[in-house]
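# Notes for the structure review
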Amino acid sequence: MLARLVVASLLALCLPVATAHAQNSLVVSVWGGNWKDTVDRVIGKAFTAKTGMPVEFEVGGTIDRLAKARVAKGNPLVDITFTTSHVGRLYISDGLFAPLDMARLPNAKETAREALRSEYQMGGWSYVYTIVYRPDLVKEEITKWSDLWRPSLKGKIAMPDFDPSHIITIAALMEGGNETTWQKGQERLKALKPSIVAFYSTDAQSQDLMKTGQAPVQVMLSVNGYHLQEQGIAVKLVQPKDFPGVVGIDCMSVMAGTKKADAAHQFINLALSKEIQTELAKALKAGPVNGGATVPAAYHGQPGIFLTPAEWKERAYSINDEVRAKNLPAWREWFTANIVK
Amino acid sequence: MLRLAVLALLAFMTLPTVVVVAVSFNPTAILSFPPTGLSLRWYVNVVTYPQFQRAAWNSLLVTAGAVALAMPIGTAAALGLARGRPRAASLWATVLLSPLVVPGVAAGLGFLIVGAALGLLRSRSVLIAAHVALVLPFVVRSAWVSVRNLDPTLERAAASLGATPWRAFRRVTLPLLRPGLLAALLFAVIVSLNEFVVSLFISTRLTEILPVAMFTYVVNYTDPTIAALSTLFIVGTFLIVWLADRFLDLGGVFLHHR
Amino acid sequence: MRLLLTPALLVVAVFAAALSALLRYSVLEFVPGSLQTGGLTVANFTGIMSRQYLGAVWDTVLLSLATTALTLVASYPVAYALARTPSARVRSALLVLTLAPFFTGAIVRTYAWMLVLGNTVVTWPVPMLFTPRGVLVGLVHFSMPTMILLLAAAISHIDPAYERAAASLGASPARVFRRVTLPLSMPGIVSGSVIVFAWTLSAFATPELLGGGRVKMIANVVRDLALDSFNWPGGAAFAVVALAVTMALLAGVGRLTAPADRSP
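Residues numbered from 1 in each chain as written. Chains lettered and ligands numbered in written order. Predicted model: local features only at pLDDT ≥ 70, side-chain atom pairs only at ≥ 80, totals over all residues. Heavy atoms only, no water.

### A look at the overall build of chain A
Rule in force here: Secondary structure elements are taken from DSSP: a helix is a run of H or I of four residues or more, a strand is a run of E of two residues or more, and numbering for both begins at the N terminus. To get the radius of gyration, use the C-alpha atoms; to get the globule rule, take the number of residues to the power 0.38 and multiply by 2.2 Å. Buried, partly exposed and exposed residues are distinguished by accessible area as a fraction of the type maximum, computed with a 1.4 Å probe on protein chains only: under 20%, between the cut-offs, and over 50%, respectively. We call two residues in contact whenever any of their non-hydrogen atoms come within 4.5 Å of each other.
Secondary structure assignment for chain A yields 12 helices and 13 strands. Taken against the 2.2 N^0.38 rule, which gives 20 Å for 341 residues, the C-alpha radius of gyration of chain A at 22 Å falls within 12% of a compact globule. Once the C-alpha set of chain A is aligned to its principal axes, its extents read approximately 75 × 55 × 40 Å. Evaluated residue by residue, chain A yields a buried proportion of 59% over its 341 residues. Sequence separation of 24 or more characterises 74% of the internal contacts of chain A that already satisfy a separation of 6 or more.

### Quick look at the overall build of chain C
The criterion, for reference: Working definition of accessibility: Shrake-Rupley area with a 1.4 Å probe, residue cover restricted to the visible protein chains.
Broken down by element type, chain C carries 12 helices and two strands. C-alpha atoms of chain C, sized along the principal axes, occupy 70 × 60 × 30 Å. Counting every position in chain C, which comprises 264 residues, the buried fraction comes to 57%. Across chain C, contacts joining residues at least 24 apart in sequence account for 72% of those joining residues at least 6 apart. Carbon together with sulfur atoms contributes 69% to the accessible area of chain C, which is approximately 10300 Å² in total.

### What to know about the nonpolar core
Basically, it comes down to this: We call a set of buried residues a nonpolar core when its members are Ala, Val, Leu, Ile, Met, Phe, Trp, Tyr or Cys and they connect through side-chain atoms within 4.5 Å of each other.
Ranked by internal contacts, the top residues of the largest apolar core, which has 270 residues, are F82, L148 and F267 of chain A together with F52 and L109 of chain B. The greatest single-element share of this core, amounting to 15 residues, is contributed by helix 6 (residues 125-148) of chain B. When neighbours within four sequence positions are excluded, L148 of chain A is seen to be in contact with I131, L153, I157, I167, L192, S195, V217 and V219 of chain A. Ranked by size, the runner-up nonpolar core spans seven residues in total, among them V128, C251, F306 and A316 of chain A.

### Thoughts on the interface of chain C and chain B
Defined as follows: Pairs of N or O atoms within 3.5 Å make up the polar contacts considered here, provided that, within protein, one atom can donate a hydrogen while the other can accept it, and that residues adjacent in sequence are counted only when both atoms are side-chain atoms. Gly is placed with the polar residues, together with every amino acid not listed as nonpolar (Ala, Val, Leu, Ile, Met, Phe, Trp, Tyr, Cys and Pro) or charged (Asp, Glu, Lys and Arg).
Listed as interface residues are 84 residues of chain C and, on the opposing side, 85 residues of chain B. At the junction of chain C and chain B, the tally comes to one residue pair in polar contact (both at pLDDT 80 or more). If you list the elements that add at least two residues to the side of chain C that touches chain B, you get helix 1 (2-26), helix 3 (51-84), helix 4 (88-103), helix 5 (106-117), helix 6 (132-156), helix 10 (205-210), helix 11 (218-228) and helix 12 (232-253) of chain C. Of the residues contributing to the side of chain C that touches chain B, the split by class is 65 nonpolar, 13 polar and six charged.

### Focus on helix 3 of chain C
To be explicit about the condition: Working rule for helices: expected span equals 1.5 Å times residues minus one. Two axes enter the bend calculation: one fitted to the seven residues ending at the residue in question, the other to the seven starting there, and the bend is the angle between them.
The end-to-end C-alpha separation of helix 3 of chain C is 49 Å, in line with the 50 Å expected for 34 residues at 1.5 Å each. At S75 of chain C, helix 3 of chain C is bent by approximately 35°, the largest bend along its length, and proline P77 of chain C sits one to four residues beyond.

### Describing a nonpolar patch on the surface
Heads up, the rule is: Patches here: salt-bridge-free residues with over 30% relative accessible area, like charges joined within 9 Å, nonpolar side chains (Val, Leu, Ile, Met, Phe, Trp, Tyr) joined within 5 Å. Throughout this description, the term salt bridge denotes a Lys or Arg side-chain nitrogen within 4 Å of a carboxyl oxygen of Asp or Glu.
A cluster of nonpolar side chains, namely V235, L239, I240, W242, L243 and F247 of chain B, defines an oily patch on the protein surface of about 600 Å² accessible area. Taking relative accessible area as the criterion, I240 of chain B reaches 37% and is therefore assigned partly exposed.

### Structural notes on the confidence of the model for chain A
What counts is decided by this rule: A residue's pLDDT is the predictor's confidence in that residue, given on a scale from 0 to 100.
Scored by pLDDT, chain A has a mean of 89; 93% of the residues are at 70 or more. Segment residues 14-20 of chain A: pLDDT under 50, and 15 contacts once partners within four positions in sequence are set aside and those in other chains are kept.

### So, empty space enclosed by the protein
The probe, sized like a water molecule, is rolled over the atoms to show the empty space still left. Using the following cut-off: A pocket here means an open set of points on a 1 Å grid, computed over the protein atoms alone, that has protein on both sides within 12 Å along at least five of seven lines. A cavity is instead a set of points where a 1.4 Å probe fits but cannot get out; residues with an atom within 4 Å of a point line either one. Grid points are joined across faces, edges and corners, and a volume is the space filled by probe spheres set on the points.
Evaluation of the coordinates by the stated rule reveals nine cavities of 30 Å³ or more. Estimated volume of the second largest cavity: approximately 100 Å³. In terms of lining, the second largest cavity is formed by T14, P16, T17, I234 and F238 of chain B together with A100, P101, T104, V108, R109, A112 and H141 of chain C. Those elements that place two or more of their residues in the lining of the second largest cavity are helix 1 (2-23) and helix 11 (225-248) of chain B together with helix 4 and helix 5 of chain C. Among the residues making up the lining of the second largest cavity, the classes are represented as seven nonpolar, four polar and one charged.

### Let's talk about the pattern of salt bridges
Throughout the structure, instances matching the rule amount to 26 salt bridges over all chains. Between E311 of chain A and R315 of chain A there is a salt bridge; the shortest N-O distance is 3.4 Å. Taken as a pair, E311 of chain A and R315 of chain A lie in helix 11 (residues 309-315) at a separation of four residues, close to a single helical turn. By relative accessible area, R315 of chain A is classed as buried at 14%. We note a salt bridge from D228 of chain C to R223 of chain C, for which the minimum N-O separation is 2.9 Å. One salt-bridge network, held together by shared partners, links E208, K216, R223, D224 and D228 of chain C.

### A look at the side chain of T111 of chain A
For T111 of chain A, the location among the structural elements is in the loop between strand 4 (97-98) and strand 5 (116-118). The contacts of T111 of chain A, once residues within four sequence positions are left out, are M122, L272, V289 and N290 of chain A.

### Topic: the packing of aromatic side chains
Rules: Each Phe, Tyr or Trp ring, with Trp reduced to its six-membered ring, pairs with another whose centre is within 6.5 Å; inter-plane angles below 30 degrees give stacked pairs, above 60 give edge-to-face pairs, and intermediate values give tilted ones. Two conditions define a charge located above a ring, namely a distance within 6 Å from the ring centre to NZ of Lys or CZ of Arg, and an angle within 35 degrees of the ring normal.
Per the stated rule, a full pass over the model turns up 26 aromatic pairs over all chains. Geometrically, the ring pair formed by F52 of chain B and Y217 of chain B is tilted, given 5.5 Å between the ring centres and 45° between the ring planes. On the criterion of sequence distance, the pair formed by F52 of chain B in helix 3 (residues 50-83) and Y217 of chain B in helix 10 (residues 210-220) is long-range, its members being 165 residues apart. Accessibility classification places F52 of chain B together with Y217 of chain B in one group, the buried group. Ring centres of Y25 of chain C and W232 of chain C lie 6.3 Å apart, and the angle between their planes is 50°; this geometry places the pair in the tilted category. With a gap of 207 residues between them, Y25 of chain C in helix 1 and W232 of chain C in helix 12 connect regions that are remote in the sequence. For the pair shown, Y25 of chain C and W232 of chain C are each scored as buried. Sitting above the plane of the F142 of chain C ring, R109 of chain C keeps its charged end 4.1 Å from the centroid.

Here it is in structure tokens:
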């Protein structure tokens, strides 16, 4: 009996030594849920089929992936990061991205000019932040940003607490300012406070709030709105008449210090190809960056889908990335102190 | 009157379980109760989702390792407590049971700091060490209850008949302790399998155990997959607890019999 | 005795090492954006005094008090039934129903409440999910098994002869309860309440999932600081505060032998 105990203990001590080591795979940092599933299905599988290298994913929110990257600086735990174009600037200023080698990204030649956000960031797809609501729970049609301030919407609205850029900019625009003179919209925003019933920190929470009907009107990413429709929730995406939806472009970057720069570039190049871009646009219902990608006719003119320079101008408000990145901490602080609390 | 109140309260306690099981069979991604149909797609998702497969394997390794270490250590400690003077034993018992009062986040962050300093976070060793520390109090407590009820004259009788201390332990003490040790094993396994907070702090994507993987999933997805996984958990533990009560008389462990 | 205890004491020593690392970090300076630390400082503790953090502490205390009170009221009837029922089958059934949720783990139980509070069964007249009242429901549900077992153990120690004597002297059942049962079960009530209160103070999974980022208890703040901002010193300071309060409470009760899971 004692002998058995001793053997069992020794065996148990040996187990820890069996380090959990990853196979030789490419690690991609991306948002969870629908985003990871789509990147995995559309780009990841194609990449593995082509190169034989498996793809793994590190999921999380925009800001906490940045925090993790900062801590792992110089010895990154991931090889590629998907992030929003303005938060990408925060990565750049921290020296976390490696410059892209355009020679290894031949497909980039087919992409729109706006896609190359900087020498470190290659846009993958575009969308807008707009108003998404449930017509079955909100009878009066919503057609403009200013409709959010309707008294009948008191206690019905939800918006993200991790990035207030969109609503801050819209409020500023309404007062004749813009993202640089954002203070002009402060009083407007405070007036909106009673209408907000919840703030969501993750996409999943936003979807929960919509599904349960707790927050039937939300400032939401167009892609997430379409995802809800796919799941069977009848929501309407608004193309606001007073001010355009606020554009977002998610970008791919290679981490500084990665040992798989070659594979990383191959992955990004694949993601920019006509075929993959067509698939991505269809799967996410987002705007492709490759001009040659085919977008189903049913999507033309839909919120977040831009096919011509004219469409970009009319239906998309693009916040200056640098201004946005610079102001984001101040925006978050003011927003948390004055609106969330 | 009392009966009604008790029934209502029991309903409150079990309602969530019923809802989870029902929702797990819903054919669509919308969580609806009663379910709009019967589908096993979420169960299929549970079994085929790579991160759950990896997490289940990690859970198995970590729990097996932790229990294999905690059982002999805890049993030895219980025997040691029983043999000491009562006051000393009480003091040592307090020390041994102290991890129970520490908040999970405190232990979790502490282990994270130590693990990072020693560079051990990429292996499962920190997880196993933490689980041993967390599970040991339960083993000691359960074993001690059993040990205290041992009749010391039996061991002495064996000795007087010529048995060596080890023989006496193996042939007399251990078999008598078996029910208590089985209860200790049960507690250890269940506590380790469900351990979440501390593990959340020290897990990485590659080493995370099942509860941590479930938490990550809930935070990122809104489909009923976790309902399916929860149902599997619930069925499993109901079985174990029911069996334990039948064979180990759990009532005797918790209540005073008259 | 020493020899037999040594391995176990080594394990506790490892645990103590983790806690001392925590203590050390709580007085080191946080360097944003890295895991390196600066020199000795009390900034982490004074930082807790800021409005937003004190708010979390206050919310935690209030929620824990409310949870303890409601759990006590809800658990007593079940505990009484469990302790007093003559039928072994009923006792078994009650025990299984009480213990089983215990063993299914925090995530499963909290997720189940996400469904119920999320308008899956009925549409609640007021928002429940992602609100403090939703978290309260989850916490009470989580604490009931512990409270039931502790109360039942205390009640089972009361000699039914006392209750019978009071009844035979003409007291109504309500009177018997108020004058005999309740006072005699007071040790169980006190220890149960203190234990539930102490454990609820360090609740994590329930407020994290049911609170949706809006309801922050101390444990959630520790996680945010440590795992989102990588502010280990800041998180450590908070954790030390939670640790100190919990230990003081539980040491006061002197009961470390509760047969229960740890954090809700």
